[in-house]
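# Secondary and tertiary structure notes
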Amino acid sequence: MSAPSDDRKPNRLAHETSAYLRQHQWNPVDWFPWGEEALERARREALPLLVSIGYSACHWCHVMEHESFEDPETAALMNRAFVCIKVDREERPDVDQIYMDTVTGLTGHGGWPLTVFCLPDGRPFYGGTYYPPEPRHGMPAFRQVLLSIAEAYHDRSEEVLSTATQITEALSRKPAGADAPPPGRACLVRACQGMLQRADPRHGGFGGAPKFPTPTSLDLLLAGIDVLPARQGVEALEHVVRTCREMARGGLYDHLGGGFHRYSVDAHWCVPHFEKMLYDQGQLLRTYLEAWRRSGAGDDDLLWPVRETIGFLEREMRAPDGGWFASQDADSENPNGVREEGCFYVWRPDAVAGVLGEPAEAFCDAYSVTETGNFEGGQTVLTDRAREVRSRFAQERAALYTARQQRAAPDTDEKRVTSWNALTLSGFARAGSLLEESAWLDAAAAAADFLDARLRDDQGRLLRVWNQGRAHVLAFLDDHATLLEACLDLYRAGAGERFLDRALTLAAALCTRFYDADEGDFFLTPTDGERLAQRPRSDHDGATPHSAGLAALGLLRVAALSGRVEPDGVARRVLQTYGNVLERAPEALPTLTRAAWLAEHGPSVAVIVGPDDAHRHALALAARRALTPEDGVLVATPDERPAGVDPSWLASRVAIDGRATAYVCRGTTCSLPITAEADLAPLPLTEETPAAS
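### Topic: the overall build of the protein
Scanning the protein from terminus to terminus reveals 24 helices and 21 strands. Computed over C-alpha atoms, the radius of gyration of the protein comes to 26 Å, within 12% of the 26 Å expected from 2.2 N^0.38 for 693 residues, which places it in the range of a compact globule. Taken along the three principal axes of its C-alpha coordinates, the protein extends 85 × 70 × 45 Å. In the protein, which comprises 693 residues, the share counted as buried stands at 61%. Partitioning the contacts of the protein with sequence separation of at least 6, the portion at a separation of at least 24 is 68%. Summed over all atoms, the accessible surface of the protein reaches about 26,500 Å², with 50% contributed by carbon and sulfur.

### A short note on the pattern of salt bridges
For the coordinates displayed, the defined rule picks out 58 salt bridges. For Arg249, the salt bridge is made with Asp301, and the minimal N-O distance between the two is 3.0 Å. One end of the pair, Arg249, is in helix H10 (residues 230-249); the other, Asp301, is in the loop between helix H11 (278-294) and helix H12 (304-317), with 52 residues separating them in the sequence. Among the charged side chains, a salt-bridge network with shared partners connects Arg12, Asp30, Glu36, Glu40, Arg41, Arg43, Arg44 and Glu45.

### A word on the state of the cysteines
Counting across every chain of the model gives 2 disulfides. Here Cys58 is linked by a disulfide to Cys61, with a sulfur-sulfur distance of 2.3 Å. Since a negative S-S torsion denotes a left-handed disulfide, the Cys58-Cys61 link at about 80° is right-handed. Just as Cys58 is buried, Cys61 falls in that class too. One disulfide bridge connects Cys665 with Cys670, the sulfur atoms lying 2.0 Å from each other.

### A short note on the side chain of Gln283
By secondary structure assignment, the location of Gln283 is in helix H11. What makes Gln283 buried here is its relative accessible area of 2%. Among all residues touching Gln283, those that are not within four sequence positions of it are Pro215, Thr216, Leu423, Ala543, Thr544 and Pro545.

### Topic: the sheet that holds strand E4 (residues 114-118)
Overall, mixed pairing links the 5 strands, which are arranged E1-E3-E2-E4-E5 in an open sheet. Here the strands that pair on one side only, and so sit at the sheet edges, are strand E1 (32-33) and strand E5 (124-128). In this sheet, strand E3 (residues 83-88) lies alongside E1 in parallel orientation, the contact comprising 2 bridges. For Phe32, the partnering residue across the bridge sits in E3 and is Ile85.

### Section: the environment of Tyr279
Summarising the element assignment, Tyr279 is placed in helix H11. Taking relative accessible area as the criterion, Tyr279 reaches 3% and is therefore assigned buried. For the pair formed by Tyr279 and Ala326, sequence separation is 47 residues and the distance between their alpha carbons is 8.0 Å.

### Some words on the side chain of Thr216
Residue position: Thr216 is located in helix H9 (residues 215-224). Residue classification places Thr216 among the buried residues on the basis of a relative accessible area of 6%. Non-local contacts of Thr216, meaning those with residues more than four positions away in its chain, are made with Gln283, Asp541, Gly542, Thr544, Pro545, Pro590 and Thr591.

### Topic: the packing of aromatic side chains
Any two aromatic rings considered together are summarised by their centre-to-centre distance and by the angle between their planes. Counted by the stated rule, this structure contains 23 aromatic pairs. Between the aromatic rings of Trp31 and Phe69, the centroid separation amounts to 5.0 Å while the plane-to-plane angle is 90°, which identifies the pairing as edge-to-face. With Trp31 in the loop between helix H1 (19-23) and E1 and Phe69 in helix H3 (residues 59-69), this residue pair connects regions lying 38 residues apart in the sequence. The buried category is assigned to Trp31, whose relative accessible area is 0%. On the accessibility criterion, Phe69 (2% relative accessible area) is buried. Ring geometry for Phe363 against Phe393: centres 5.8 Å apart, planes inclined by 85°, an arrangement best described as edge-to-face.

### Section: the sheet that holds strand E9 (residues 327-328)
Reading across from one edge, E8-E9-E12 is the order of the 3 strands in this open sheet, with antiparallel pairing throughout. Two strands bound the open sheet, and with one partner strand each, they are strand E8 (276-277) and strand E12 (412-413). Relative to E12, E9 runs antiparallel, the two being bridged by 2 bridges. Opposite Gln328, over in E12, you have Thr412 as the bridge partner.

### Topic: empty space enclosed by the protein
For the structure on display, the rule yields 7 cavities of 30 Å³ or more. What the largest cavity holds in volume is close to 120 Å³. Around the largest cavity sit 14 residues that line it, and Arg430, Ser433, Leu434, Arg492 and Pro629 are the ones nearest its centre. Secondary-structure elements contributing two or more residues to the lining of the largest cavity are H11, helix H16 (418-435) and helix H18 (477-492). Residue composition of the lining of the largest cavity, grouped by class: 6 nonpolar, 1 polar and 7 charged.

Reading the values: rules and limits
- Residues numbered from 1 in each chain as written.
- Predicted model: local features only at pLDDT ≥ 70, side-chain atom pairs only at ≥ 80, totals over all residues.
- Heavy atoms only, no water.
- Helix = DSSP H or I, 4+ residues; strand = E, 2+ residues; numbered from the N terminus.
- Rg over C-alpha atoms; globule rule 2.2 N^0.38 Å.
- Buried < 20%, exposed > 50% of the residue type's maximum accessible area, 1.4 Å probe, protein only.
- Contact = heavy atoms within 4.5 Å.
- Areas by Shrake-Rupley, 256 points an atom, 1.4 Å probe, with all protein chains shown as cover.
- Salt bridge = Lys/Arg side-chain N within 4 Å of Asp/Glu carboxyl O.
- Disulfide = S-S within 2.5 Å.
- Pairing = 2+ DSSP bridges.
- Phe/Tyr/Trp six-rings, centres within 6.5 Å; stacked < 30°, edge-to-face > 60°.
- 1 Å grid on protein atoms, 1.4 Å probe; cavity = no way out; pocket = protein on both sides within 12 Å on 5 of 7 lines; lining within 4 Å.
- Points joined across faces, edges and corners; volume = space filled by probe spheres on them.
- Nonpolar A, V, L, I, M, F, W, Y, C, P; charged D, E, K, R; others polar.

The following block contains the structure:
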């Protein structure tokens, strides 16, 4: 946001690295960033906290800022009655998690902007999301809420304290555990069957509007193919492929620039909420690749979205100094200089004709551009109605992209978030290894090296955010879990032994700094992190994976490769803690459900020994395409003993007749030696498949 034309001075948020906080530096609200200074003032002046949480690409955050936070009268009331704190949820997911769980528990739903009222020590007692400036659609005006909360805090203090105590106790409650690990196969089957009951058989995805990509749910169905009854396994794969096709052909996908928008406001992927989030791109790369692999590795409709999305990320989201930027905004300036949602992306027939000339009619027919439009004001979000091969209209799309670059572009939030970068470099690593694109694998390795070099404090602890030339905020559970998975994916892809070493370091941090043995659970914050009103547990499966589930998956994988006992034991204990929940409603915890299944049957490892030549490379490629993403691929010369790898994997593994030879193993069971790529296949699963020893 540019400075106002009057003589106002910026508030204290002007000094923050967060783009979202700096967007509010010209508000007349006396904003504090989250920290001790704000809490101390609240205690000293006996004022409640007003905690407002959002992120830079959030459309409704911008709306509430314009309607309320820029209004002098509303700001004066906020400043008089509260200590006001602005939080970037992407920098402080721990603070966001506490207050989002509060609002979800109080109202049954959540979202951003998040508006929470707390005692001076940070314990919440009331909250909601967006509040309008005037009463609307059953919602009270924001100023009405402010006055009511201020009155309750001062006149009914005992009631407020009791409410805060009850909320904090509810937030601290641990999952009801089980006496034994959850049955992985049974949970996976029930979860997939529950997902399929909610599946939209026509448009893909789940449920109605608004419709989100939900890659964690799609990944669950892909994992379930191995254990579902045959007919349902086919149904699961068909649904994932249908969903991927429909998302990529609809308006959820940016047909000119590549990449996916955050969600669709309708049930058929037509009109998106236009912000682009890095975490969506990274996860969807992986989902599309696994759907391609599972469906026979021959469907180009599952590959061109991967290639184009990687192109978008490298062209528009790659930071010059390393890693990928966090997001692009939904809003930008229209030709009249007014910020408007989606105006950068939409088209009218005359605008298309002005760029394309004679081919415009055919393009408009193929991409649904009409005089009436499908978006506000008769404008059109491009949707690929013709569904022809992707090369058709490639020149036209390129010309329109070039013309679109002359428009005022949405803002880009240039911070680098560790967990989102990890999800993305994992997608790049999988794409590079499966599709033999070495440049993508190199890009993933470079991003991982950037995180390792720049996002460490002087004690070697991982940090959350790099922005404005500096790193800050201790990394959370999701950062460690996603980066563990990414390092394992890089090692699996053949990017280098250093990534297994980093995976072992991350696994140790998860076991010592995030796992609580008494609780048998992971926490979102480390033991040496900032003390909050309540130590939040893992986030949930939603826009990003459930961090405890992803950590369990990573620990099981690293334990299988290294032979170390502690990561395996921690993962299994966490699964036991969530056992009752997993048995009751496994579809609500898709990432943990996948971990429970992996714990039950154990990861496979393809061991390939032989000279470094084309044949060994071909065997390794066959292994990466044949096995699941959680299975390991270990490549070595006959006399090599890679550091960090359990020596038993290479014991007695010989290169037959001096040629590269593969062995596919799970636990103590291995295949016969394999020298032909076509013969490399996963070990069969049976009802009695034992867990890896």
